[in-house]
Structure formats: C-alpha cells, structure tokens
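# Topology and contacts: notes
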Amino acid sequence: MAGIYVHIPFCKQACFYCDFHFSTSLKNKGAMVDAIKQELILRKSELQDRIGTIYFGGGTPSLLTVEEIQELLKVIETHYTVDREAEITLEANPDDLGLEKIKALSHTKINRLSIGIQSFFDEDLKYMNRAHTAKEAMDSLKHAKDYFDNITTDLIYGIPGMTKERWKQNLEQIFNLKIPHLSCYALTVEEKTALASFIKKGTYLPVNETLAQSHFELLVKECRKNQMIQYEISNFAKSGYFSKHNSAYWKREAYLGIGPSAHSFVDNSRSWNIANNTLYIKALGNNELPSEKELLTNKDIFNEMIMTGLRTIWGLDLEEIAAKFSHEISEMLLRTAQKYIDQGQLKKKGNTLLLTSKAKFFGDGISAGLFMTDDFNI
C-alpha cells in the first residue's frame, strides 16, 4: 500500500507558533486546486502500489468547499488505484466545522476527521492566535461525533502559564467525548515565527521544558488510564484507531506529497515541492513539476530507520537493519545502544530495540545518539 498527502496552503490567520507553509490570502484558491489536480495527473506513474491512505493536510484543508474536495478525490480515483477500504483524512479547524459542513462531508468519501482543537480554554487559544473559540472546539467535536466514527484531535501542551490541572481538564474533555484518537505536541519555538519574536522581545514568557515534561508525563498516565494506546511518542488511540497514514510514514512506506512545500518518499528517494504558491501554480500551468529530488544515502536510510522506529510501539527491528545493511552494522548499532540500555532508556525485546516509558520524552535525543555520522558502503 502507498499513500497520498495533499497540502492545502491556506489559513484564515497565522498561529503564532506555526512555521508550516501557508498563505492567509485565499484569492488564488481556485487556481491552487487546479494546480494540485494537474500535479496529481502528472505524477500518476510514480506510485505503482494500491493507494491505502489519502490525507488532506495544511494549512487548513477545511477552507476548501465540499465541491473542491470532491473534485480532488475524483482526480485521485481516476488516475490511481485506490483501495476500497482506504483511510481518507481531512484536517479541519473547529470554526470551519459547522453542522451543515459536517453533514456535507459525511456524504463524501472522507472517513476520518482530524480536528485541530489545541486547547479547550480561550486564554490558550488567544495565546496561540487560533481562529476558533473554546465553544467552537466543543461544538465541532459534538457535531462530528454524530456523523463520523473515526475522529482525531490535536492538543498542545507546555504552554507557559498552563497548570497541570488545566492540561488534565483538556484531556478529560477528549476522554469524556470518547474521541478515539489523540495527537499531543509540546509547544516549540521555531525560528522566524511570531512566537519566537515575542519571546525575544520579552512580551511572551519562554517555553519551559520542565513544564512540558510534566505535562507529557501526565498525558501518558491519563491516556493509559483511559485505554488509549501510545503507539507513537505523540499519538494515542483506542485499539483499531491507529492512523494508517501516519503509521505508513513511520514504517517508511511510499507516499506522494502533492501541493506547494509537500515532501514525497518513493524508492529510497525524497523529493519536495517549491514552497511558493505563485511559482507552484505557474509551473503546473506549464505542465512542469516544481520540485527537487535527492537519492538517500545509506547513512540517511539508517538514521531515518532509527528515528522513525524508536518513536513507535513497534520499535527498531535489528533483523531489518541486518537485512538492509549487514549483520556487522546491526551489531555495531547494538553496541552503541548498550549505554542507553544500561541507563534504562532503551530495552531489547527479542530482536527489537524500544524506548522505555521514562525515556519517551527524550526520544529524539536518544535516536540522535545512535545515528551514523558518516556514510558507509554495504
């Protein structure tokens, strides 16, 4: 199975923490949809596998009309072989999900909604410059549950001033509504964002990693109590509701990234589209693909396998490392990992390396400690 990711590069307003590619001007939305259709057609030969997942991300895909979403799905169905049971996800903001929009979406082939809640408290939403209110967040979830079974929400923790009690109340809203999937991310300060500028000027408090860690530990504890499986460091779900699309990323399965700034992974090569709406539309208007491509080195592949494998419940398969590279490489990795095993940060279960519970908050740093720094031949 393979996947298709479609990047919709529009938002109503800029969240202070966001560094994704988007525009707050919608004047070229129609031209963008046409360009995305054209890219889908031009790249139809790149994926030979059946399409098992389609994901509309952004930006804010829910700014598209239902008719525009239908048009994009039609192009995919016409030019690709889509599995009958494909998971088809639409990211949406609560302020776009009125009852009528949800009803209309339920009559399309969208079968999974990813709703960007971030917080159920207006003070947090204002801090992040989100476009919706706490009431809209709650209303959107209640309406969505009447028409969709497969729903996921995003929450952000580690916000300065957010107490553990307020963070727990955010989580309890999800549990009480019986939402089957939850993605939670620590607030991070990316360069060239408004949040970075505010912190530098002293108008916003800096992000506190100790606070974020305490929120993460509470998150893991509360999700476990509510039978939500932590199948990836930031993702929790009831049994049967793991994200098929994101799981494919972590398992390094092939996918096309369509739209400006989108990345693709096919046959151990990565490509990425230009992050400029005007140039993207112009190129596709001339039947040109505005992208760059690189073939991954053995070092790149090795390091990616470590990073993605250790983040998940499935762990890092040492036999797969040996089969992909050599037994010597696998044995070298295990020797490097031994210090983390001795410190209780990694554990070896059969031929699999896994992060221990106490180490998951520091998972990326531990992965980096296992990386190969130089390329190698096999």
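Presented here is a report on the structure given in the accompanying data block. Note that the coordinates shown come from a computational prediction; the quantities given were computed from them, not determined experimentally. (Residues numbered from 1 in each chain as written. Predicted model: local features only at pLDDT ≥ 70, side-chain atom pairs only at ≥ 80, totals over all residues. Heavy atoms only, no water.)

With that out of the way, let us pick up the packing of helix α3 (residues 99–106) against helix α5 (residues 134–147). Packed helix pairs are specified by the crossing angle of their axes together with the interaxial distance, meaning the distance between the axes. Viewed as axis vectors pointing N to C, α3 and α5 meet at an angle of 30 degrees, and their least axial separation amounts to 10 Å. Overall, the two elements α3 and α5 adopt an arrangement that is roughly parallel. Both α3 and α5 take part in a crossing whose hand is right-handed. Residues L99, I102, K103 and S106 of α3 lie in contact with α5, whose contacting residues are S140, H143, A144 and Y147. (Axes fitted to C-alpha atoms, helices over the stretch in contact; angles between N-to-C directions. Helix = DSSP H or I, 4+ residues; strand = E, 2+ residues; numbered from the N terminus. Parallel < 35°, antiparallel > 145°, perpendicular 65-115°, else oblique. Left-handed = near helix turned anticlockwise from the far one by under 90°. Contact = heavy atoms within 4.5 Å.)

Taken in spatial order, the three strands make up an open sheet running β13-β15-β14, and their pairing is antiparallel. Either end of the sheet is taken by a strand with one partner, and the two such strands are β13 (316–317) and β14 (346–349). In terms of strand pairing, β14 meets strand β15 (residues 352–355) through four bridges, oriented antiparallel. Looking at the pairing, L346 lines up with L355 of β15. (Pairing = 2+ DSSP bridges.)

So, on to helix α6 (residues 164–177). For α6, which comprises 14 residues, the first-to-last C-alpha distance of 20 Å matches the rise-based estimate of 20 Å (1.5 Å per residue) to within 8%. Restricting attention to buried positions, one finds in α6 the residues R166, W167, N170, L171, I174, F175 and L177. Trailing α6 by a residue or two, K178 shows a phi angle of about 60 degrees, which is positive. (Expected span 1.5 Å × (residues − 1). Buried < 20%, exposed > 50% of the residue type's maximum accessible area, 1.4 Å probe, protein only.)

Volume-wise, the second largest pocket comes out at about 310 Å³. Lining the second largest pocket are 16 residues, and of these Q230, I313, L355, S357 and K360 lie nearest its centre. Of all the secondary structure elements, the ones that give two or more residues to the lining of the second largest pocket are α8 (209–225), β14 and β15. In terms of residues, the lining of the second largest pocket owes the most to one element, α8, which gives three residues. Looking at the lining of the second largest pocket residue by residue, the class counts come to eight nonpolar, four polar and four charged. (1 Å grid on protein atoms, 1.4 Å probe; cavity = no way out; pocket = protein on both sides within 12 Å on 5 of 7 lines; lining within 4 Å. Points joined across faces, edges and corners; volume = space filled by probe spheres on them. Nonpolar A, V, L, I, M, F, W, Y, C, P; charged D, E, K, R; others polar.)

A separate point is the packing of helix α11 (residues 298–310) against helix α14 (residues 363–370). The geometry of α11 relative to α14 is characterised by a closest axis approach of 9 Å and an angle of 150 degrees between their N-to-C directions. With respect to their mutual orientation, α11 and α14 come out roughly antiparallel. Our pair here, α11 against α14, has a crossing hand that is right-handed. For the pair formed by α11 and α14, the contact residues are F302, I306, M307 and L310 on the first element and D364, S367 and L370 on the second.

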